[in-house]
Each structure stands twice: as structure tokens, then as C-alpha cells.
Amino acid sequence: MAKNPVVVYGASGYTGRLVCEYLCQFNVPFTAAGSDASELHSVVTRIPGIETAEYDIVESDISYSSLMRLFGGSSVVINTVGPFAALAPDVVQASLDSGMHYIDPSGEQNWLLNAKGNWGKLFAASDLLLGPGIAHMYTTGEIAAGFCLETPGLDSLDILTLWKGVPSAASAKTILTNLREEWFYLEQNQYVKGEALTFFEVVVPGRHEVTLALPWGGTGHPVWFKDDPRVANVRAAGGVFDRRIMEQTLETMRMIQEQVVDVPEEEQASALERVAATMQSRTPPRENPRINQTVDSVYASGPTGQNHCIIRGNCNYKQTALLQAYAAYSLLQQGNRRTGFSSGCQAFGHRELHAILKTFGLVADPIISSATSMR
């Protein structure tokens, strides 16, 4: 059983160890959990600043019964183990049955729709937060959208997230899982199925270059804004600055279509593992803010005008970990502003989340331009 208020499940992974690092900085006691105690001990004891932390290490597999034993007495679980559509359901159910708030970094659209449909109302009835998709890939763009939507009358969002870096091994598997699933965008408040192998030619904001962007499984934005009366239309895309990497990713998508989608269901997981290994099979180096830059660009438009918000930043994995650690810290400090299924900004506020990212030097002030008519 965990003895601390926050459980980080998957603490030995690339994102999990960063979450633990930021929990140290918030002085939040935590339990580092996962399926391999020796690996957990090896990783967690080398986290920068760990000597200042109050923590314990607990080995637990990801089965419901083991998680129920692990979660007893804790208040928040941060789950970093994906692919989430396959591995998160027992974690969510155990979190609910243990009376814990649930947070993860997943933007897998099929997982978000599943989580919302099966557990959203149950978490709300228990006065708990169900917060999947709290991560740079989704939340920082949502923050930019929040700044744009402070102007009334803008009902359409065009969201672009770009970064410089390589995915972790776990992220590569999740990305590939996303790429083989159906995805949706939002049009006049209805989900519209997107086409397989869709890509976009996009201008990198502030640069004289063009790269490719992909829908990344549709992202969480259409799901979160589906119930927002301000917004009727949402499209989102993402990618890296390096066009060559995006072209390689597009070829990987075509490979999945050819080698994975049509194979028997029981063979698809191993086929995806083989493809994922060609993308990233090891832990990437610690992020460098001079190298691992990020740009989130959002156009919000409506019948009478348009806003454009750009948020420049760095270190997308650090942004993800900080957002999750702050979410847990906030829930412990002041409880939940919103219960049930919620995005990061819905639960904690876009200005508050931007401020915490800026405080830690991970984003700059938003650059907002407006073409909205004044009355």
C-alpha cells in the first residue's frame, strides 16, 4: 500500500521520472510505483533533487487487484503507462474505487472517448477529477486556445503544435497505436471521421520553412471542446520542425497500413512493436532548452473576426511532467475546481497553467494578434 498522497505509476519511464522530479520541487510526498522494483530503485534514486523528497518505492503490476492494494490511502494517481486505450482501464477503475483523482498524459482519442463515456459521470458523482491528456502535446495548445477564446464570438479553432526532439520508446508505441485508429475532428459540434494518412503542409511560425503536420489521432481537443458552447469547429495537428522526420513518420504510417491494419488482431501488437522499434528503442537524452524548442499556434475565428496566439517554449516532456505534477499539487492544496472528465485547462484554468509553465522557464508570454472588429 502506498503511504503518500500521490502515486506515480510508471515512475521509471522517461515521463514518470520527470513527474517525480517536479513533485520534489513542489514538496509533494509521492509513491514511485511500477512493475519492476529494481528498475524503479535504480531510476528514482538518481532523480535530481530526490534527496529532498519524501517518497517510497512500491512494486505493483497493472492488474486491478494489485492497483487496489497500491492505491489505498492515496489521493491522486498520475498514470504514465501506455498505450492507454489498452492499459489504463484498470488503473482508472481502481482509482475510482479507491476515491482518487486520476491524471495521465494521453491524447489517444479512442481512450479519451472511452474514459469520458464509461467513467466521466461516475467520477463526477464521486466528486473526483478524471483528467487524461494533461501534456504539452495537448494542454499547451489548449492554453493558447484559451487566450484566443477570451474574445467572445470566435467559434472555430485551428490548432498546431510543433516541437524539436525525438519520442521516448513508450511514446513511439502510443503514437503508432494512435495512427492505426479512427480519428475525428469537430464540425458544427459533430464528430466527423478523418481520412487515414491525412497530412498537412504547414508553415513553421516565425521561420522561413515548411514542414508536415499530422492529426496524431485527432488529439483530445475535439473531445474537450465538444461540450463547450463557445466552440463549434476544431481541427488539430502536430509534428516536429524537421521535415525529414515528418516524411519518415508518414512512411511509417503507410507501413502500418500495409503491415499492421490487415493482420489478425492477435498479431497486431507484436507487429506494432516491430515498427515502433524502428522509430525509437531507447530512452532519449535529457532535454536541452536550447535544442528542444516548442511552438504552439492557434487560430480562433468566427463570423466577425479572428485571434492568433503563439506560445513559444522548450522541452515538451518537461512541460508534460510539470503540468501533471502541478495538477496533483493543486488537487491536494485546494481540491478540484471541476469534477468528472475534464481537460487540463477546464480543471485548472488556462492562465494558471500558463503561469506555472512560465515560472519554471518552459514557455514565454503568449503572442496574440487580433483581427476582430470592434464595436
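Conventions used here
- Residues numbered from 1 in each chain as written.
- Predicted model: local features only at pLDDT ≥ 70, side-chain atom pairs only at ≥ 80, totals over all residues.
- Heavy atoms only, no water.
- Salt bridge = Lys/Arg side-chain N within 4 Å of Asp/Glu carboxyl O.
- Helix = DSSP H or I, 4+ residues; strand = E, 2+ residues; numbered from the N terminus.
- Pairing = 2+ DSSP bridges.
- Contact = heavy atoms within 4.5 Å.
- Axes fitted to C-alpha atoms, helices over the stretch in contact; angles between N-to-C directions.
- Disulfide = S-S within 2.5 Å.
- Buried < 20%, exposed > 50% of the residue type's maximum accessible area, 1.4 Å probe, protein only.
- Phe/Tyr/Trp six-rings, centres within 6.5 Å; stacked < 30°, edge-to-face > 60°.
- Lys NZ or Arg CZ within 6 Å of the ring centre and 35° of its normal.
- 1 Å grid on protein atoms, 1.4 Å probe; cavity = no way out; pocket = protein on both sides within 12 Å on 5 of 7 lines; lining within 4 Å.
- Points joined across faces, edges and corners; volume = space filled by probe spheres on them.
- Nonpolar A, V, L, I, M, F, W, Y, C, P; charged D, E, K, R; others polar.
- Polar contact = N/O pair within 3.5 Å; in protein donor to acceptor, adjacent residues only side chain to side chain.
- Parallel < 35°, antiparallel > 145°, perpendicular 65-115°, else oblique.
- Left-handed = near helix turned anticlockwise from the far one by under 90°.

**Observations concerning the pattern of salt bridges**
Okay, so step 1: Applying the stated criterion to the full structure yields 12 salt bridges.
Okay, so step 2: In this structure, E150 engages R351 in a salt bridge whose closest nitrogen and oxygen atoms are separated by 2.8 Å. Taken together, the residues span a long stretch of sequence, with E150 in the loop between α7 (136-148) and β7 (156-163) and R351 in helix α14 (residues 350-359) at a distance of 201 residues.
Okay, so step 3: Its salt-bridge partner being R337, residue E352 comes within 3.3 Å of it at the nearest N-O pair. Linking E352 in helix α14 with R337 in the loop between α12 (316-334) and β15 (340-341), this pair joins segments that are 15 residues apart in sequence.

**Thoughts on the sheet that holds strand β3 (residues 55-59)**
Okay, so step 1: On the basis of which strands lie adjacent, the open sheet formed by seven strands has the order β3-β2-β1-β4-β5-β6-β15 and parallel pairing. The open sheet has two edge strands with one neighbour each: β3 and β15.
Okay, so step 2: With two bridges joining them, strand β6 (residues 129-131) and β15 adopt parallel strand pairing. Note on β15: the bridge partner recorded for L129 is G340.
Okay, so step 3: Each of β4 (76-79), β5 (101-103) and β6 is contacted by helix α5 (residues 89-97), which is oriented at about 155 degrees to β5, the strand it contacts most.

**Brief notes about the state of the cysteines**
Okay, so step 1: The full count for this structure, using the stated rule, is zero disulfides.
Okay, so step 2: As a non-bridged cysteine, C24 has C20 as the owner of its nearest cysteine sulfur, 7.0 Å distant.
Okay, so step 3: Since its relative accessible area comes to 6%, C24 is described here as buried.

**Quick look at the packing of aromatic side chains**
Okay, so step 1: Following the criterion strictly, the structure yields 11 aromatic pairs and no others.
Okay, so step 2: Seen in terms of ring centroids, W111 and W119 are 6.0 Å apart; in terms of plane orientation they differ by 55 degrees. Their pairing is tilted. Considered together, W111 and W119 belong to a single accessibility category, that of buried residues.
Okay, so step 3: Among the aromatic residues, those joined into a cluster by ring pairs are Y22, F26, Y326, Y329 and F360.
Okay, so step 4: Sitting above the plane of the F241 ring, R207 keeps its charged end 4.3 Å from the centroid.

**Some thoughts on unusual backbone geometry**
Okay, so step 1: Of the consecutive residues G82 and P83, the connecting peptide bond is found in the cis state with omega at 0 degrees.
Okay, so step 2: Looking at where P83 falls in the secondary structure, it is placed in the loop between β4 and α4 (84-87).
Okay, so step 3: With phi around 65 degrees, T219 is a residue other than glycine that occupies positive phi space.
Okay, so step 4: Note on placement: T219 falls in the loop between β11 (210-213) and α9 (221-225).
Okay, so step 5: For T219, a relative accessible area of 2% corresponds to the buried category.

**Concerning the layout of surface pockets**
Okay, so step 1: Approximately 320 Å³ is the volume attributed to the second largest pocket.
Okay, so step 2: In terms of lining, the second largest pocket is formed by 20 residues, of which the most central are D158, I159, L160, V202 and R235.
Okay, so step 3: When contributions to the lining of the second largest pocket are tallied by element, the ones reaching two or more residues are β7, β8 (184-187), β10 (200-203), β12 (233-240) and β13 (293-302).
Okay, so step 4: Per-class residue counts for the lining of the second largest pocket are 13 nonpolar, three polar and four charged.

**Observations regarding the side chain of E21**
Okay, so step 1: Its location among the elements puts E21 in helix α1 (residues 14-25).
Okay, so step 2: Of the polar contacts made by the side chain of E21, one reaches the side chain of R286; its length is 2.8 Å.
Okay, so step 3: In this structure, E21 is in contact with I47, P48 and R286, ignoring residues within four places of it in sequence.

**Overview of the packing of α5 against helix α6 (residues 109-125)**
Okay, so step 1: As a packed pair, α5 and α6 sit with axes 11 Å apart at the nearest point and diverge in direction by 15 degrees. Taken together, the axes of α5 and α6 are roughly parallel relative to one another. Seen along the crossing, α5 lies across α6 with a hand that is right-handed. Each of P89, V92, Q93, S95 and L96 in α5 lies in contact with α6, whose residues at this interface are W111, W119, L122 and F123.
Okay, so step 2: Looking at the contact of α5 with α6 residue by residue, the classes come out as seven nonpolar, two polar and no charged.

**Comments concerning the environment of R230**
Okay, so step 1: Looking at where R230 falls in the secondary structure, it is placed in the loop between α9 and β12.
Okay, so step 2: Under the relative-accessibility criterion, R230 is labelled partly exposed at 43%.
Okay, so step 3: Along the sequence, R230 and S156 sit 74 residues apart, while their C-alpha atoms lie 8.8 Å from each other.
Okay, so step 4: Setting aside chain neighbours within four positions, we find R230 in contact with L149, L154, D155 and F225.
Okay, so step 5: Of the polar contacts made by the side chain of R230, one reaches the side chain of D228; its length is 2.8 Å.

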